[in-house]
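Below are the chains, spelled out letter by letter.
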Amino acid sequence: TGVLMLIKKAEDIRSSEITPKSLYLNRRKFLAGAAIAGAAAATGLGLREIVSPSATVLAGNKIDGIKKSPLSTTETVTPYKDVTNYNNYYEFSTEKDEPAKLAQKFRTRPWKVKIDGLVDKKQELDVDTILKMAPPEERIYRHRCVEGWSIVVPWVGFSLSELIKRVNPTSKAKFVEFSTLLDLAQMPGQQRNVLQWPYVEGLRMDEAMNPLALLCFGMYGEELPNQDGAPLRIIVPWKYGFKSAKAIVRIRFTDKQPINSWNISAPMEYGFYSNVNPNVDHPRWSQAKERRLGDFSKRPTLMFNGYADQVSSLYSGMDLKKNF
Ligand SMILES: Nc1nc2c(c(=O)[nH]1)N[C@H]1C(S)=C(S)[C@@H](COP(=O)(O)O)O[C@H]1N2
Ligand SMILES: [Mo]
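Residues numbered from 1 in each chain as written. Chains lettered and ligands numbered in written order. Predicted model: local features only at pLDDT ≥ 70, side-chain atom pairs only at ≥ 80, totals over all residues. Heavy atoms only, no water.

### Some words on unusual backbone geometry
Here is step 1: Put simply, arginine 109 and proline 110 share a cis peptide bond, and its omega is -15°.
Here is step 2: Mapping proline 110 onto the fold places it in the loop between helix H5 (99-102) and strand S2 (112-117).
Here is step 3: Residue proline 231 follows alanine 230 across a cis peptide bond; omega there is 0°.
Here is step 4: Among the secondary structure elements, proline 231 is positioned in the loop between strand S9 (222-223) and strand S10 (233-235). (Helix = DSSP H or I, 4+ residues; strand = E, 2+ residues; numbered from the N terminus.)

Have a look at this one:
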């Protein structure tokens, strides 16, 4: 019980109300470290045996045979602890430190994904069937939230196009829509009307087919932690984070532009395209700069989040102020 008590104690201390978020994160890190050191002493095991290879409290299962992707950035990866304890996941909570705890018991198996709309064959696929469609790749991407913070994450997955090719949308399909699970019992945040549930996002078909668009099921070499969107999510690195829907249960092909949840909640603030663009401010704040989690000062935000070479041709001739 000594181990349990130590770990429990670190969780019980809720300093989020009284300290700024960055300090809070560091404090959490320190406390977690203290708890692990204490656990090592209590069990008579060495520190290293407790902390590694995958004994970090939140760690999932390793994914085998991951290939490194040439599409990765060489920028410094954000620590796992930060990426898994600072989450936007309104199905669980609007507080960024809470999904880590509230999503812990979320059931990600069995998990089916419905494929419907304008496709040759409507079907329901098991998530493990989807995971076997193509070899897993590690893609280290910049990830920029519309709120002005950013992270660098080694996601694991393969191009969304691999799945789309296999399910054969008809020639009428111009867009693809993603829906998150609707489950009020498991997702306490869905009992509040902060957004319209289920969470819906969408892409134009050519955006979805761009090799950068990732069908994601892992990070840091392991299965996705629940708070980061297990068992299956989308990652669209040139767009603001809210386009990257978590815990997907439905992929629907359509000839009409999907109406995304954030657009319903605040149409003047969140458009359909939501490409990262330092020149187009959010109505309530500038988008020119961002703070990388863990950094003290801000850095300039890059057009299309730094992926302009790969994606700017998708928007040639479009007014990006109007199509924000
Ligand atoms: N279903 C669902 N997907 C979601 C969200 C959400 O609240 N619900 N938040 C979005 C936002 S605003 C961001 S910034 C990213 C955060 O992903 P991360 O927690 O893995 O960093 O998830 C996006 N996907
Ligand atoms: Mo976000």
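Read on for the rest.
### Points about the confidence of the model for the protein chain
Here is step 1: This prediction gives the protein chain a mean pLDDT of 89; 82% of its residues lie at or above 70.
Here is step 2: Scored below 50 in pLDDT, residues 46-58 shows 24 contacts in the model against residues more than four places distant or in partner chains. (pLDDT = per-residue confidence, 0-100. Contact = heavy atoms within 4.5 Å.)

### Focus on the sheet that holds strand S6 (residues 175-180)
Here is step 1: Overall, mixed pairing links the 5 strands, which are arranged S3-S2-S11-S6-S7 in an open sheet. What marks the edges here is a single partner per strand, and that holds for strand S3 (123-126) and strand S7 (200-204). When the angles between neighbouring strand axes are averaged without regard to direction, this sheet yields 20°.
Here is step 2: Summarising the sheet, S2 and strand S11 (residues 248-254) pair through 4 bridges and their orientation is parallel. In the sheet register, glycine 117 faces S11, and the bridge partner there is phenylalanine 253.
Here is step 3: Contacting S2, S3, S6, S7 and S11, helix H7 (residues 160-167) runs over the sheet at an angle of about 60° to S11. (Pairing = 2+ DSSP bridges. Axes fitted to C-alpha atoms, helices over the stretch in contact; angles between N-to-C directions.)

### A look at the nonpolar core
Side chains of nonpolar character tend, in soluble globular proteins, to be buried together.
Here is step 1: Within the largest apolar cluster, 79 residues are counted, with the highest numbers of intra-cluster contacts made by Trp238 and Phe253.
Here is step 2: Sorting elements by how many residues they give to this core places strand S5 (residues 149-159) first, with 6 residues.
Here is step 3: With sequence-adjacent residues up to four places away left out, tryptophan 238 is seen in contact with Glu207, Asn210, Leu212, Ala213, Asn275, Val276, Phe304, Asn305, Tyr307, Val311, Leu314 and Tyr315. (Core = buried A, V, L, I, M, F, W, Y, C linked by side-chain atoms within 4.5 Å. Buried < 20%, exposed > 50% of the residue type's maximum accessible area, 1.4 Å probe, protein only.)

### Quick look at the side chain of lysine 96
Here is step 1: The residue lysine 96 is located in the loop between helix H4 (80-83) and H5 in this model.
Here is step 2: Only 2.8 Å separates the side chain of lysine 96 from the side chain of asparagine 88, close enough to count as a polar contact.
Here is step 3: Residues within four places of lysine 96 in sequence aside, it is in contact with Asn85, Tyr86, Asn87, Asn88, Glu147 and Trp149. (Polar contact = N/O pair within 3.5 Å; in protein donor to acceptor, adjacent residues only side chain to side chain.)

### Notes on the site of ligand 1
Here is step 1: Near ligand 1 there are 18 residues, and of these Tyr90, Glu91, Asp228, Arg233 and Lys246 occur at the shortest range.
Here is step 2: Here an oxygen atom of ligand 1 and a backbone polar atom of tyrosine 90 are 2.8 Å apart.
Here is step 3: Here an oxygen atom of ligand 1 and a side-chain polar atom of aspartate 228 are 2.7 Å apart.
Here is step 4: Look at ligand 1: alone it shows 540 Å² of surface, and the protein chains cover 98% of it.
Here is step 5: In terms of residue class, the shell around ligand 1 is built from 8 nonpolar, 6 polar and 4 charged. (Near = heavy atom within 4 Å. Areas by Shrake-Rupley, 256 points an atom, 1.4 Å probe, with all protein chains shown as cover. Nonpolar A, V, L, I, M, F, W, Y, C, P; charged D, E, K, R; others polar.)

### As for the environment of isoleucine 115
Here is step 1: Relative to the assigned elements, isoleucine 115 resides in strand S2.
Here is step 2: The class of isoleucine 115 is buried, set by a relative accessible area of 0%.
Here is step 3: If we ignore the near neighbours within four places in the chain, the residues touching isoleucine 115 are Lys121, Lys122, Gln123, Leu125, Leu163, Val167, Ile251 and Phe253.

### Notes on the pattern of salt bridges
Here is step 1: Considering all chains together, one arrives at 21 salt bridges under this definition.
Here is step 2: Residue glutamate 147 is joined to lysine 96 by a salt bridge in which the shortest nitrogen-to-oxygen separation is 2.9 Å. Linking glutamate 147 in the loop between strand S4 (137-144) and S5 with lysine 96 in the loop between H4 and H5, this pair joins segments that are 51 residues apart in sequence.
Here is step 3: Two residues, glutamate 290 and arginine 292, come together in a salt bridge whose shortest N-O distance is 3.7 Å. (Salt bridge = Lys/Arg side-chain N within 4 Å of Asp/Glu carboxyl O.)

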